[in-house]
Structure formats: structure tokens, C-alpha cells
Amino acid sequence: MKNLTKIGGAAAIAAALTLTACGGGGTSTGPETAKGQEAGSDLSKLISINEKPVADLEKGGKVTLPLGSIGPDFNGFSNNGNSSDNSALMAPINPVAVTSGGIGGCWKVDFVGKATPNKDFCESVDSKVVDGKQTVTIKVNDKATYNDGTPIDIKAFQNTWNILKSPDAGYDIVSSGAYEFVESVEAGSSDKEIIVKTSQPVYPVDSLFFGLIHPAVNTPAIFNEGFVGNMHPEWMAGPFKLDQYDAAAKTVTLVPNEKWWGTKPVLDSVVFRQLETSAQIAAFKNGEIDGMSANTISLYKQLEGTKDSEVRRGQRLFAGGMNINAQKITDVAVRKAIFAAVDREALRKVRFNGLNWEEPSSGSMMVLPFSEYYQDNYPVKETGPDAAKKVLTDAGYAPNAAGIMEKGGVPAAFKISNFGDDPTTLAFTQTLQKQLQAGGMDVGIDQRASADFGKVIGGRDFDMSVSGYTVGPDATDAVKQYYDSKVNENGLGDAELDKKIADLASIEDNAERNKAAMEVEKEHMAKYFSMGVVMNGPQISFVRTGLANYGPSLFQSLSQVPDWTTLGWVKK
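This is a predicted model, so every value here is computed, not measured.

Rules and cut-offs
- Residues numbered from 1 in each chain as written.
- Predicted model: local features only at pLDDT ≥ 70, side-chain atom pairs only at ≥ 80, totals over all residues.
- Heavy atoms only, no water.
- Buried < 20%, exposed > 50% of the residue type's maximum accessible area, 1.4 Å probe, protein only.
- Helix = DSSP H or I, 4+ residues; strand = E, 2+ residues; numbered from the N terminus.
- Pairing = 2+ DSSP bridges.
- Right-handed = clockwise from strand over helix to strand, strands pointing away.
- Disulfide = S-S within 2.5 Å.
- Axes fitted to C-alpha atoms, helices over the stretch in contact; angles between N-to-C directions.
- Contact = heavy atoms within 4.5 Å.
- Parallel < 35°, antiparallel > 145°, perpendicular 65-115°, else oblique.
- Left-handed = near helix turned anticlockwise from the far one by under 90°.
- Nonpolar A, V, L, I, M, F, W, Y, C, P; charged D, E, K, R; others polar.
- Salt bridge = Lys/Arg side-chain N within 4 Å of Asp/Glu carboxyl O.

Novice: Quick question: what am I supposed to make of the pairing of strand β21 (residues 413–419) here?
Specialist: One face of the sheet, then the other: side chains in a regular strand alternate in exactly this way. Among the 7 residues that make up β21, 5 are buried, leaving the element largely enclosed by the rest of the structure. Note that β21 and strand β22 (residues 442–448) share 7 bridges and pair parallel. Across the sheet, Lys415 pairs through a bridge with Gly444, a residue of β22. A crossover links β21 with its parallel partner β22, the connecting element being helix α9 (residues 423–438), and its sense is right-handed. Of the strand pairs in this sheet, β21 and strand β23 (residues 464–465) are connected by 2 bridges, and their pairing is parallel. Looking at β23, one finds that Ile416 is bridged to Met464.

Laid out in C-alpha cells, this is it:
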């Protein structure tokens, strides 16, 4: 489940249908009618958190939430750890490094995606550009300290830069982001004043140090392998701390961190449990967990009427549906045929059946249709079985005796990886399979458990998966992560596109920079056909009655907790 959960500036990967954290409720006919918003609309309609001031909450208490997977790699900066589940788990205990949307390192983000300095870690961030060179001055909170007593200071910033500035240093990073343009990171008047100088201006400035890496994580071996099965709580800093990680019971228990200098949390404990979707249903009905996603009608129907529960509904920050591994499906003609064969509207009808949800057909991996920067970049206009077969025929394929298109005796054959045990998820994958088969391809289904998601996707052990990425408010980081040939996991791209990506990072005007990013996406999709947007979708959450400050939160939190210090139970 790759993640704006920004993990050091990267978007995290997420399963398209079986979802992390929380989910919806309602009437016998399904949820009330809702729809995805378009540009210029009221985004408050997409937020539902039962907002309450701390004074109205009980002091103490416990909240238990499900995750599709816990670990095994807990380093959110690495490809194997870059998942929305991992991000949700780390948000309360390690916001200095990884966020579930709202807080990460030097920055915090509001519901609509505006970033401001997070004063728990960085009291101020000032940027000046003189003669084409940028200087960013960061004042770090004097109290900011890792759990092991290491100050959060110049050493953490330098280490973060050294690891993230290049994919060629042996660290399995998700993306170098804007760090490749940083020339130096030096101490100013003290180790708590950070002076960052760049080779070219970097925008937005919050693309830098949205997550910091502890100075002890300073070799490729530690970074790439040291977090497998080991959360390293001593290298964290946040309002909660790790109390227990039980790998056998697949649970993580958190308690308030006595070393935390910021606002103290309301709750006495938070428990995360790794559960398949069917197990989440039983656990929620039995009162064992306090929320879950119900973003398919099969889940919704099984949960509606649950005692002491309510529905909270909004927009899911997700784009995807077709994630193609070009290292396995190497022929671009086959990838283009996949795009051509797919009937996206039919797939959305299967996916959203009974949910009373409408959305415009999305054509961007990087921003949602409600963004002022959005444009439809889906690269194929003529779709259907005949269109797919024509793509393959034009590339030298011909039907064999079984009707499968093949070239040089090699058929267009692959499998779709499906995760979890939700019936709607499987129906979606089977519908996609039939569409591709009708287009002349030999397509099977590789069924996997939800718990295998991170391992399979991070290890690139799939041909094609029904998955995608979390979506942020700005395309600058995403365009590099997805479309730079030196960065994206498929290695697809070219020098011309890479230069455009590097150049656009220096465009100060937000609209102009995002327009340039959109044009790169349009061109890359039409050349390489690696990721296709089928849907965005709703976030429908069934939540235990009385749980406050939890639910669909747009950009402030992808794990539905806008502020872990205010999560709690309303006084009775």
C-alpha cells in the first residue's frame, strides 16, 4: 500500500480496495448519496470526524484500530516499508519521520493541503532566493529530541539529506525528491539552526524535510534491512511510544510517551491489530475494534446495524486501480493493450455498486479531480476488446489456436494480484480479468492475503496489481516519484522527461509548476503505460459511537486521525 501520507516527501502505495484504518454505515439501501467533488467545490463536504475540543473528552481510555498488514519492514523511507498501513502505524509514535498526511518532520498539513511549519520540531522555516540560488533557514525546537536522547538537530538533517539525495548511494529509497537539488546542509548559529542551500530553487519548500531520519540510520545495511521485524522505538519521537510489538499475535500497543515535549495525548493507549477484512467485520461487531473501512457494499451490508456505531463519510485520497510491473510485462504494446481493453466505468460500477457514490472519471495519478491543477491524462481514447486487439495486431501479434494474441510464439499472458478476502474486491478483479481476456490476453488471478501486500508490492513480486497510491495536494513530488526514469520502480522514462521534471521543481508559481507536472504525466502515460487510474473512491467509515476527532480527513490525515493528541472518547 504505497502512500500524501508523505513519507519523506513520497506518496505511499495502497491497496485499491481493501483499505487501511477505518470505514462506513447507514440504511438498508446503502449509504446516503454522495459524490466526488470537482474543482471549485466545497471540500468540507468530504470531511467527517466528529470534531470535539479536548475539554469535552474523557481523560484516558483506549482505541483499537485494524491494519491490513503490520511490517515486516518498518522503515517508511524505503520501498519495502513505504505503505499506507506502515504510515498509519507510525504516525502516533514517529511523526518526526513519517506522517499519515497531517504531520511529518518540519511540516503539518491542514484539511485542504496547505503546509505550515510543525513547531513541535521546526519552529520556523524561511526561504530566500538570490541570484537563482535558494537558502532555507530552519529553526529547530530546542526541546526536540529522539527517544534515545539524541538531539533532533543538524546531524538528523544532514543524515536525511545524505540518504535521500541520490538513488545511487545504495539506499533503497522511494524517491530522492527535491534533495538532489540541495548543495549543502550546515549548522548556523547553533546545531539547532539549519542552513540549507540549493543548486536551483525548490518548490514547494515543504517538499524538503517532510520527515527526518535518525543519525544512527547511516548505512545502506541499516536502512535497507535493519527495520525488518524491528521497529527501533529508540530512534523515534512522538506523543506516543511503543509499549509492545507482538509479532505472533500481530498487535502493536502504544502508550503516551513521557519524553514527549509537545501536547500530551488524551488516550491511555492505542492498539493496532493486523486483521484480514473478514476478521475486521467480526471484530467491529463484537466491539473489539473501534473503526473500520467499509468502502465496498459487501462490507457495508455486513456492518450496518452494528450496535453503538455510526457512519462517517468522505473522499478517499487514492488514485489507481491498474499498477503494472513493467519488469514483468516488458512489452509496451501489451501494457498499452491493457489500457485499451479496460472499461473503467464498468469497473467503477462494480466497485461502487450499492454505495450511492458518483465520481468523475479520473485521469491522473497525482491529483484528484477536485484540484484546480487537475487534467485528464488517460492515454487511450478508443477502448474496448477490438481496440486492445488492434494495438496488439499493430505490434505484430496474431491470435493463436486458443484465440490468445501472441508474437514469436510468446502469448500476451500475465496474472493480476488480488489482495484480501472482500467479495467486491474479487468481483472487481474478475471483471478486469474478463475485460483483458476479451482483448485477446491470457490473464489469471494471483490471490494473496492482505498481510502480504507490502511484501509483494515492495518486492515487485507481481505482474499487475489492483493498487495505486495516496494523493497529495501538489503534483511536484509525485511527478518525480512516478515518472522520473532514475526514480520510478519500473525504471521507465527518458532523458527528455527527466529534464522536464528537474526543471519544473524550480517554478515558483503553483499553478504553472503543477501544469508542467501534468504535461509530463500526460507524455509519460502515452509513451510507457505503467499506471492507470480506474478510480478514486469514497472513504466510508464505521466508527464506534462517541469516538471524537476521527474519520475521513482529506489531506490532514490518510489514517483518519487529524491529531493523535486529540483522539479520544466524548464524555458521557
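Novice: Please clarify how the state of the cysteines should be interpreted in this entry.
Specialist: What is meant by a disulfide is a covalent connection between two cysteines, made through their sulfur atoms. In this structure the tally under the stated criterion is 1 disulfide. Note that Cys106 is cross-linked by a disulfide to Cys122, the S-S spacing being 2.0 Å. Its S-S torsion of about -45° marks the bond between Cys106 and Cys122 as left-handed, since a negative value means left-handed. Of the two residues, Cys106 is situated in the loop between β4 (103–104) and β5 (107–109) and Cys122 in strand β7 (residues 122–130); the sequence distance between them amounts to 16 residues. Overall, Cys122 belongs to the buried group, its relative accessible area being 0%.

Novice: Looking at this structure, I do not really get the sheet that holds strand β10 (residues 193–198). What am I missing?
Specialist: In any sheet, the strands associate via hydrogen bonds between backbone groups, in a parallel or an antiparallel arrangement. The 4 strands are arranged β7-β8-β10-β9 in an open sheet whose pairing can be described as antiparallel. This sheet does not close on itself; its edge strands, each paired only once, are β7 and β9 (182–187). Looking at each pair of strands side by side, their axes are set apart by 15° on average, direction ignored. Summarising the sheet, β9 and β10 pair through 5 bridges and their orientation is antiparallel. Residue pairing for β10: Val182 is matched across the bridge by Thr198. Packed onto the sheet, helix α2 (residues 154–164) meets β7, β8 (133–140), β9 and β10 and runs at close to 165° relative to β9.

Novice: Can you help me understand the sheet that holds β4 in this one?
Specialist: The strand order across the open sheet formed by 3 strands is β4-β5-β6, and the pairing between neighbours is antiparallel. Lying at the two open borders of the sheet, with one neighbouring strand each, are β4 and β6 (115–117). Pairing geometry for β4 and β5, over 2 bridges, is antiparallel. Bridge assignment links Gly104 to a residue of β5, and that residue is Trp107.

Novice: Before we go on, may I ask you to explain the packing of helix α7 (residues 344–352) against α9 in this structure?
Specialist: For the pair α7 and α9, interaxial distance at closest approach is 9 Å and the crossing angle is 165°. With respect to α9, the axis of α7 lies roughly antiparallel. Classified by chirality, the crossing of α9 by α7 is right-handed. Residues Ala346, Leu347, Val350 and Arg351 of α7 touch α9, and the partners they reach there are Thr424, Ala427, Phe428, Thr431, Leu432 and Gln435. Per-class residue counts for the contact of α7 with α9 are 6 nonpolar, 3 polar and 1 charged.

Novice: Where do I start with the side chain of Thr64 in this structure?
Specialist: Looking at the element boundaries, Thr64 is found in strand β3 (residues 62–67). Once residues lying within four places of it in the same chain are set aside, the contact partners of Thr64 are Val271, Arg273, Glu288, Ile289, Asp290 and Gly291.

Novice: Just checking my understanding: could you explain the environment of Val456 for this structure?
Specialist: Along the chain, Val456 turns up in helix α10 (residues 453–458). Assessed through its relative accessible area of 1%, Val456 is described here as buried. Along the backbone, Val456 and Phe419 are 37 residues apart, and their C-alpha atoms lie at a distance of 9.9 Å. Contacts of Val456, omitting those with residues within four sequence positions, involve Phe419, Arg448, Asp461 and Phe462.

Novice: How should I be thinking about the pattern of salt bridges in this particular structure?
Specialist: When charged atoms on two side chains of opposite charge get close, those side chains can pair. All told, the structure shown has 24 salt bridges when counted by the stated rule. Here Asp394 and Lys390 are joined by a salt bridge, their closest N and O atoms 2.8 Å apart. One end of the pair, Asp394, and the other, Lys390, are both in helix α8 (residues 385–394), 4 residues apart, so they sit about a helical turn from each other. Of the charged contacts in the structure, one is a salt bridge between Glu496 and Lys500, with a shortest N-O distance of 3.8 Å. Pair noted here: Glu496 and Lys500 are both in helix α12 (residues 495–504), with a separation of 4 residues, about one helical turn. It is possible to trace a salt-bridge network through shared partners that takes in Asp494, Glu496, Lys500, Glu523 and Lys527.

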